[in-house]
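Overview (structure and organization)
The lines below spell out each chain.
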Amino acid sequence: MKKAITILLSLLMLGAVGFGVWRSYHAKQNPGAQSAAPLGDLIPQKAVPQQTVKLLTGSAKFALLQDAELSALLRKNGITLELKKSGNFEQDKSLVEQLDAVWPAGANQAADWQELIAGNKAFLVMSSPLTIASWRALLPVLEKNGLAKSTGNAHGDFYLDKALPLMLEGKRWNQLQDNTVFAVNRSFLINTPDIRKSNTAAQYIAALAYIRNNSEVPQKREKALELAKELAPLITRQGFQEGTLAGPFEDYLGQGMGKAPMVLVYESQFLEARRAQKLRDAHLLYYPQPGMVLKHILVAKTEGGKKLGELLANNIEIQKIIAKYGFRTNDPALFAAQAKELGLDAPEILNQADAPGSAILDAMVQHIIDTMENRS
């Protein structure tokens, strides 16, 4: 029996030596061939335990958060996202117990959530200017009327401070000087989302109030309500409005100048559409003067939410993905490189309109809502 075992072991050793010699010879004859994977590589790696993080945010960030590369990076760090679409703060705050984090647009909204959520931690992830999507064909008309000028291949400045008096007068497109391009009997207005559902429409009103108040933020409720009453027609005269920025921008892309001559959008929406090759030379982006920049601050409630905020704000690979979607990153160079690649020399927003605190802005918005619903 011992002799048989000895013979068997000898044969196994000879076989192993023979395999080693053959492998060595084969490697010399095929130097470019990949070597066999180590035994450890053949063993399945242990999956990273996943934690579902429930995040409330606006539709403008959904494409970014559903990006396959971003999702893979989050899963690599143990996070699987469950997205919930936000409406307005009053509606959304009833969901707070269900959430791990909220990611609104604008410092005012973030401050409201911080006040509501005990033990929160806030992360500035990115920012995005509010801009105006328009048409190259309208540029000569707007320039002739002192309302805009071209500042780059695909963008220009729009003088919101000069346009506001015309909008308040009820000026129509066919009343603009030398307008042979879009001479229609339609109100000269900027299309916005529904102020009852969108924080960005509220930010637009805040900027107009700042302009109308001699470049000063309205501090007193009485003055703010006076301004809201004056500005309300710029919302109510638009007729039906979509609930988010995505709706008007889809009209802009799909239905053309007749439906959407000037539309309030995020700069990131325009850049994302440019990356997806949905834009033509006919499209032009305006930066309002004074400008409006919304900070996208994630407010985390749980440890999972805080881990998500940390990754989004500080992971360099994730910040690169954020830049690809047209948002301004915490490292300006990342965003600038992406914008330049898309043919947009995105300017620094130097002249910015300041917004009032949440209580004042909420009172203004509520007054406009009451006007829309015939309650004022």
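This one's a predicted model, so the numbers in the text were calculated from it and none came from an experiment. (Residues numbered from 1 in each chain as written. Predicted model: local features only at pLDDT ≥ 70, side-chain atom pairs only at ≥ 80, totals over all residues. Heavy atoms only, no water.)

**Concerning the overall build of the protein**
A count of helices and strands for the protein gives 17 helices and ten strands. Within the protein, the proportion of its 376 residues that are buried is 46%. Of the contacts formed within the protein by residues at least 6 apart in sequence, a portion of 75% connects residues at least 24 apart. As presented, the protein carries roughly 19000 Å² of accessible surface, and 52% of it is formed by carbon and sulfur atoms. (Helix = DSSP H or I, 4+ residues; strand = E, 2+ residues; numbered from the N terminus. Buried < 20%, exposed > 50% of the residue type's maximum accessible area, 1.4 Å probe, protein only. Contact = heavy atoms within 4.5 Å. Areas by Shrake-Rupley, 256 points an atom, 1.4 Å probe, with all protein chains shown as cover.)

**Description of the pattern of salt bridges**
Tallied over the entire structure, the rule returns eleven salt bridges. Here Glu169 and Lys171 are joined by a salt bridge, their closest N and O atoms 4.0 Å apart. A salt bridge links Arg196 to Glu373; the nearest nitrogen and oxygen atoms lie 3.2 Å apart. Residue Arg196 is located in the loop between helix H8 (160–169) and helix H9 (199–212), and its partner Glu373 is located in the segment after helix H17 (358–372); the two are separated by 177 residues in the primary sequence. Classification of Arg196 by relative accessible area gives partly exposed; the value is 29%. Residues joined by salt bridges that share partners form a network here, namely Asp194, Arg196 and Glu373. (Salt bridge = Lys/Arg side-chain N within 4 Å of Asp/Glu carboxyl O.)

**Here's the deal with H9**
Taking 1.5 Å as the rise per residue, H9 with 14 residues should run 20 Å; its terminal C-alpha atoms sit 20 Å apart, in good agreement. Counted residue by residue, H9 has 13 buried out of 14 residues, so it is predominantly covered. Within two residues after H9, Asn214 carries a phi angle of roughly 60°, on the positive side. (Expected span 1.5 Å × (residues − 1).)

**Some remarks on the side chain of Thr57**
Tracing the chain through its elements places Thr57 in strand E1 (residues 51–57). Within the local environment of Thr57, its side chain forms a polar contact with the backbone oxygen of Trp103, the two atoms lying 2.8 Å apart. Sequence-distant contacts of Thr57, that is, excluding residues within four places in its chain, are made with Phe62, Leu65, Lys84, Lys85, Ser86 and Trp103. (Polar contact = N/O pair within 3.5 Å; in protein donor to acceptor, adjacent residues only side chain to side chain.)

**So, the nonpolar core**
Core analysis: the largest hydrophobic core is formed by 75 residues, its most contacted members being Leu142, Phe158, Leu160, Met167, Phe188 and Tyr252. Considering each element in turn, this core owes the most residues, ten residues, to H9. (Core = buried A, V, L, I, M, F, W, Y, C linked by side-chain atoms within 4.5 Å.)

**What about the environment of Leu298?**
Turning to its location among the elements, Leu298 is positioned in strand E9 (residues 292–300). The residues touching Leu298, leaving out its near neighbours within four places in the chain, are Leu55, Ala101, Val102, Trp103, Lys121, Ala122, Phe123, Val125, Gly305, Leu308, Gly309 and Leu312.

**Some remarks on the side chain of Thr192**
Looking at the element boundaries, Thr192 is found in the loop between H8 and H9. What makes Thr192 buried here is its relative accessible area of 2%. With sequence-adjacent residues up to four places away left out, Thr192 is seen in contact with Ala201, Tyr204, Ile235, Gln238, Gln241, Pro248 and Leu264.

**Focus: the confidence of the model for the protein**
In the predicted model, the protein carries a mean pLDDT of 87, and 87% of its residues have values of at least 70. Mean pLDDT values for the elements of the protein range from 45 in helix H2 (residues 39–42) up to 98 in helix H14 (residues 303–314). Low pLDDT, under 50, characterises residues 25–43; the stretch is placed with four contacts to residues that sit more than four places away or in other chains. (pLDDT = per-residue confidence, 0-100.)

**Quick look at the packing of helix H4 (residues 68–76) against helix H15 (residues 316–324)**
For the pair H4 and H15, the least separation of the axes is 10 Å and the interaxial angle reads 160°. Taken as axis vectors, H4 and H15 run roughly antiparallel relative to one another. Every pair of crossing elements has a handedness; the one defined by H4 and H15 is left-handed. Facing H4, whose interface residues are Glu69, Leu70, Leu73 and Leu74, H15 presents Glu317, Ile318, Ile321 and Lys324. In terms of residue class, the contact of H4 with H15 is built from five nonpolar, no polar and three charged. (Axes fitted to C-alpha atoms, helices over the stretch in contact; angles between N-to-C directions. Parallel < 35°, antiparallel > 145°, perpendicular 65-115°, else oblique. Left-handed = near helix turned anticlockwise from the far one by under 90°. Nonpolar A, V, L, I, M, F, W, Y, C, P; charged D, E, K, R; others polar.)

**Let's talk about the pairing of strand E6 (residues 155–159)**
The side chains of a regular strand alternate, first on one face of the sheet and then on the other. Most of E6 sits inside the fold, with five of its five residues counted as buried. Of the two faces of E6, the one carrying His155, Asp157 and Tyr159 and the one carrying Gly156 and Phe158 are both buried. The pairing of strand E5 (residues 148–150) with E6 spans three bridges and is antiparallel. Of the residues in E6, the one forming a bridge with Lys149 is Asp157. Counted between consecutive antiparallel strands, the loop separating E5 from E6 contains four residues. (Pairing = 2+ DSSP bridges.)

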